[in-house]
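Per-entry structural report
Here are the chains, one letter per residue:
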Amino acid sequence: MATYDLVIRGGTVFDGTGAAPSIADVGVRGDRIAAIGNGLPDGMRTIDATGRWVIPGMLDVHTHYDAEVLASPGLGESARHGVTTIILGNCSLSTVYSEADDCADMFARVEALPWSVVHSAVKERKTWHDPASYVAAIEALPLGTNVAAFIGHSDMRVATMGLGPSVDSTSRPSRDELDRMRRMLTDALDAGFVGLSTIRSSWSKLDGTRYPARQLPSAYATWGEYHVLNKILRQRGRVHQSTPNLTRRAEVAFYLSQSIGAGLRKPLKTTLISAADIKADRGVARAAIAAATTTNLLGGQFRWQHLPVPFEVYADGVDLVIFEEFGSGAAALNIRDALQRGRLLDDEEYRRRFREDLAKRFGPRVWNRDLADAEIVSCPDKSVIGKSFAQVGNERGITPADALLDLTVEHTEKLRWRTTIANDRDDVLDRLQRSRAVQVGFADSGAHLRNMAFYNFGVRMLERVHQRGFMPIEAAVHRLTGELADWYGLDAGHLGEGCRADLAVIDPSGFDGSGRKYAEAPYPGADGVKRMVNRNDRAVTATVVGGHIVYAEGQFARGFGQTLHAGTFLRARDSKNTAVATPVPSAR
């Protein structure tokens, strides 16, 4: 009889702490690592990892898989890239308390998900009524990865106040309603949720027919309401995740000050999106890191989330979240009917405002709005493919803005184009990924199906480190695994005897750049819906979750996402919440 259920033989083993790796065998028994050493006997299954890296499974801390996990619990796009634990419930959005109509209205526009997909996933599968029963429902699913969760502030507000009052700037929760939100948050933390997610972003709008274009409910809360909920998080050592209002950057000071303990109180673990080297303002990244570093020196526990790859986005016509950042762009997105939107875009008065908005040089922004820096990748008019809107405008004797609007009116969503809005400079990316003030995250996995795809962000970061050498490989592995697991209080991210058997086998010879290429695949559980994906399968030899090989050599395990129960719901633990930052080894 085999001693081990699984043996991964002869790989370069990284333990997730940042320590130097060693060549060893890894023996797995059940859902735990039973032994690490040399010459282990073969298991019931054996993976030859010679010349490959054996690392703890990676964590994806910023996802919007809340609907997808219900309809397609394998979460295959993450599992195939060595991710073994995901955190959902970000940006104030969760499906714990709210009903299907409210969930669909909250998720659809801001996360660019089909309203019907969110609605049907919640309506057809909701069996829970509180955090504890939600955890039980998730654990009962045939999960392909482990799941951890935030409780969403917008979710709590809607369930407490109703959708209408929760998005009314003149409405405030009563004392009883605020007390109910306190109990909701406490119940979620008791059930093992990692913390609370909120949002202040002016981009984040409701969909649906009831209150379209209003901001998400969390954005209407006062700072006093936030303070009441933060007090609970602080006491428990749990996390506050949020998206600030980018048009009011002074608001970030509130999050920074709330994070600080300075010996007078416990620090509040706070993580915001995002630390990015945006083209529109090259000083933002440096200022963000400086502010976070100062906060942590004063006793805070603050981290910016950082996407460790170029932030490339795609748009179908004007369907892209970055159009929310200026008035005329938001006005177009407010109209969901294609014919009505076309009439607006064809109106000369509207075009004048659109041209003016694109030409503005000052004020906070994420998109640099330079249409010379936008490439058309698909269009029924083949003559424009491969060109920028500036080139098309020059050829036609019109402005770049009019070229975009003309093509959108004529071809609607069949006009597809791309641009890179941030993280285009390798040297700045290197510095961000070494910074103690950031954590690797913000892939937005499961959202923005036609706009962006960063499911393989971890593999791409390892590829960058391997090729550029700006930090030791063991430091990069630590940033993607143990550092995140420890900060969020999760039983994950480490490879040692007794640890969970959540592993990834990485083949560095598969770092061929293919992960940057555009690809599409059907969206699971939704007929006719496609999404952007990343596919660099040569880099990931195998993914192991709970001792099960869920993905190997380009194939998912039998029963993956259907009958195979590999993952589980990971419960966060309370922490002492000290203000000591985890050291990151410097470059060799």
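Predicted, not measured: the structure shown is a model, and the values here were computed from it. (Residues numbered from 1 in each chain as written. Predicted model: local features only at pLDDT ≥ 70, side-chain atom pairs only at ≥ 80, totals over all residues. Heavy atoms only, no water.)

Every second residue of strand β17 (residues 503–506) is oriented toward a common face, with Leu503 and Val505 on one face and Ala504 and Ile506 on the other, all of them buried. Judged from the 4 bridges that link them, strand β5 (residues 53–56) and β17 form a sheet pairing that is antiparallel. Residue Val54 lies in a different strand from β17, and its bridge partner there is Val505. Sheet analysis places β17 next to strand β20 (residues 540–545), joined by 4 bridges and oriented antiparallel. (Buried < 20%, exposed > 50% of the residue type's maximum accessible area, 1.4 Å probe, protein only. Helix = DSSP H or I, 4+ residues; strand = E, 2+ residues; numbered from the N terminus. Pairing = 2+ DSSP bridges.)

Contact geometry of helix α3 (residues 100–107) with helix α4 (residues 115–125) gives a least axis separation of 8 Å together with a crossing angle of 145 degrees. Viewed along their axes, α3 and α4 form a crossing whose handedness is right-handed. Counting all contacts with α3, which are made through Ala100, Asp101, Cys103, Ala104, Asp105 and Phe107, the residues of α4 involved are Trp115, Val118, His119, Val122 and Lys123. Class assignment for the residues of the contact of α3 with α4 results in 7 nonpolar, 1 polar and 3 charged. (Axes fitted to C-alpha atoms, helices over the stretch in contact; angles between N-to-C directions. Left-handed = near helix turned anticlockwise from the far one by under 90°. Contact = heavy atoms within 4.5 Å. Nonpolar A, V, L, I, M, F, W, Y, C, P; charged D, E, K, R; others polar.)

The next point concerns the environment of Ala390. Inspection of the secondary structure puts Ala390 in helix α15 (residues 389–396). Placed 16 residues apart in sequence, Ala390 and Ala374 show a C-alpha to C-alpha distance of 8.4 Å. Residues in contact with Ala390, not counting those within four places in the same chain, are Leu371, Ala372 and Pro400.

This next bit is on the packing of aromatic side chains. Following the criterion strictly, the structure yields 27 aromatic pairs and no others. Through a chain of ring-to-ring contacts, three or more aromatic side chains come together here, namely Phe323, Phe326, Tyr350, Phe354, Trp367, Phe389 and Trp417. Cation over ring: Arg200 sits above Trp223, and NZ or CZ is 4.3 Å from the ring centre. Arg200 extends its terminal NZ or CZ atom over the ring of Tyr226, reaching a point 5.2 Å from the ring centre. (Phe/Tyr/Trp six-rings, centres within 6.5 Å; stacked < 30°, edge-to-face > 60°. Lys NZ or Arg CZ within 6 Å of the ring centre and 35° of its normal.)

In this section: the domain arrangement of the protein chain. Considered domain by domain, the protein chain is made up of domain 1 (58–310 + 423–500) and domain 2 (313–420). A C-alpha centroid distance of 30 Å is found between domain 1 and domain 2. Taken together, the contacts link 17 residues of domain 1 with 22 residues of domain 2. For the pair domain 1 and domain 2, the summed buried surface comes to about 1,700 Å²; carbon and sulfur atoms form 54% of the total. Counting across the domain 1 and domain 2 interface gives 4 salt bridges. Here Arg450 makes a salt bridge to Asp316, at a shortest N to O gap of 3.3 Å. Linking domain 1 with domain 2 are 9 residue pairs in polar contact (both at pLDDT 80 or more), by the criterion used here. (Domains from an automatic or database assignment. Buried area = accessible area lost by both parts, 1.4 Å probe. Salt bridge = Lys/Arg side-chain N within 4 Å of Asp/Glu carboxyl O. Polar contact = N/O pair within 3.5 Å; in protein donor to acceptor, adjacent residues only side chain to side chain.)

Here the focus is the side chain of Asp430. By the element assignment, Asp430 lies in helix α17 (residues 426–434). At 2.7 Å, the side chain of Asp430 and the side chain of Arg468 are in polar contact. If we ignore the near neighbours within four places in the chain, the residues touching Asp430 are Arg464, Arg468 and Phe470.

In contact at an axis separation of 11 Å, helix α9 (residues 223–236) and helix α10 (residues 252–259) are set at 30 degrees when each is read in the N-to-C sense. Of the possible angle classes, the one that applies to α9 and α10 is roughly parallel. Here α9 runs over α10; the crossing is right-handed. In this structure, α9 contributes Trp223, Tyr226, His227, Asn230 and Arg234 to the contact, and α10 contributes Phe254, Tyr255 and Gln258. For the contact of α9 with α10, the residue count by class is 4 nonpolar, 3 polar and 1 charged. (Parallel < 35°, antiparallel > 145°, perpendicular 65-115°, else oblique.)

Now for the pattern of salt bridges. For the structure on display, the rule yields 51 salt bridges. Asp427 is the salt-bridge partner of Arg431, the closest N and O atoms lying 4.0 Å from each other. Residue Arg431 and its partner Asp427 are located together in helix α17, separated by 4 residues, close to a single helical turn. By relative accessible area, which is 40% here, Arg431 ends up partly exposed. With relative accessibility at 43%, the residue Asp427 sits in the partly exposed group. Put simply, Arg479 and Glu483 hold a salt bridge, and the shortest N to O gap is 2.8 Å. A single burial state applies to Arg479 and to Glu483, both of which are buried. In this structure, a network of salt bridges that share partners links the residues Asp346, Glu348, Arg351, Arg355, Asp402 and Asp406.

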